[in-house]
Amino acid sequence: MGQLFGIIEFAFNVYYYMIIVYILMSWLPQLRETSFGEMLGRLVEPYLQIFRRFIPPLGMIDISPIVALFALHFARIGLLSILASLV
């Protein structure tokens, strides 16, 4: 069961860092046009769109990725707590 926790923790951490890299890439728009940027966009953008529907940008600042990272963190804690209670 410990391996399952490790795999889940690793998957959440990888996705967390993918979102952070994608956010940082917005400061250099030409990076999003590379094959890596497009692949990252296909993986991260569907998750971020959920939050962009409800949270409008504040001027030039989009705070929905911050809320998405918090939601991902709480989902990780919740999933690991559920799995721990099943053991």
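Residues numbered from 1 in each chain as written. Predicted model: local features only at pLDDT ≥ 70, side-chain atom pairs only at ≥ 80, totals over all residues. Heavy atoms only, no water.

Named according to an unreviewed UniProt entry, the protein is Membrane protein originating from Aneurinibacillus danicus. For the record of the protein, the UniProt heading Sequence similarities (unreviewed entry) holds the text "Belongs to the YggT family." (UniProt positions renumbered as here; feature names shortened; annotations may be inferred.)

Undergrad: Is there a simple way to think about a nonpolar patch on the surface in this case?
TA: Taken together, V21, F36, M39 and L43 make up a surface patch of nonpolar side chains, about 340 Å² in accessible area. Ranked by the residues each element gives to the nonpolar patch, the list is headed by helix α3 (residues 35-52), at three residues. For L43, the position within the fold is in helix α3. (Patch = residues over 30% accessible without salt bridge, like charges linked within 9 Å, V, L, I, M, F, W, Y side chains within 5 Å. Areas by Shrake-Rupley, 256 points an atom, 1.4 Å probe, with all protein chains shown as cover. Salt bridge = Lys/Arg side-chain N within 4 Å of Asp/Glu carboxyl O. Helix = DSSP H or I, 4+ residues; strand = E, 2+ residues; numbered from the N terminus.)

Undergrad: I tried to follow α3 on my own but got confused; where do I start?
TA: Residues that lie three or four places apart on an α-helix share one face, since the helix turns once every 3.6 residues. In this model, α3 (18 residues) spans 24 Å end to end at C-alpha, consistent with the 26 Å of a helix rising 1.5 Å per residue. The largest bend along α3 reaches roughly 40° and is located at E45, with the proline P46 sitting one to four residues downstream. Taken together, the buried positions of α3 are G37, L40, G41, V44, E45, Y47, L48 and F51. The inward-facing, buried residues of α3 abut α1 (2-25), α2 (29-32) and α4 (64-86). (Expected span 1.5 Å × (residues − 1). Bend = angle between axes of the 7 residues up to and from the residue. Buried < 20%, exposed > 50% of the residue type's maximum accessible area, 1.4 Å probe, protein only. Contact = heavy atoms within 4.5 Å.)

Undergrad: Explain the UniProt feature "transmembrane region" (unreviewed entry) in the protein here, please?
TA: Those places that UniProt annotates as "transmembrane region" (unreviewed entry) correspond, in this numbering, to residues 7-28 and 66-86. Taken end to end, residues 7-28 is 86% helix and 0% strand, and its two terminal C-alpha atoms sit 32 Å from one another. In the segment residues 66-86, helix accounts for 100% and strand for 0%; the C-alpha atoms at its two ends are 31 Å apart.

Undergrad: Please clarify how α1 should be interpreted in this entry.
TA: Here α1 is 24 residues long and its end C-alpha atoms lie 35 Å apart, about the 34 Å a rise of 1.5 Å per residue gives. Within the sequence span of α1, burial applies to I8, F12, M18, I19, Y22 and M25. Buried residues along α1 sit in contact with α2, α3 and α4.

Undergrad: Looking at this model, I keep getting lost on the environment of V87. Mind explaining?
TA: Examined against the element boundaries, V87 turns out to sit in the segment after α4. With 48 residues separating them in the primary sequence, V87 and M39 have C-alpha atoms 37 Å apart. Those residues in contact with V87, other than ones at most four positions away along the chain, are M1 and F5.

Undergrad: Sorry, what's going on with the layout of surface pockets here?
TA: One way to see where empty space is left: roll a probe the size of a water molecule over the atoms. Size it by volume and the largest pocket reaches roughly 210 Å³. What lines the largest pocket is Y22, I23, S26, W27, R32, L48, R52, D62, P65 and I66. Only α1, α3 and α4 provide two or more residues apiece to the lining of the largest pocket. Residues of the lining of the largest pocket, tallied by class, amount to six nonpolar, one polar and three charged. (1 Å grid on protein atoms, 1.4 Å probe; cavity = no way out; pocket = protein on both sides within 12 Å on 5 of 7 lines; lining within 4 Å. Points joined across faces, edges and corners; volume = space filled by probe spheres on them. Nonpolar A, V, L, I, M, F, W, Y, C, P; charged D, E, K, R; others polar.)

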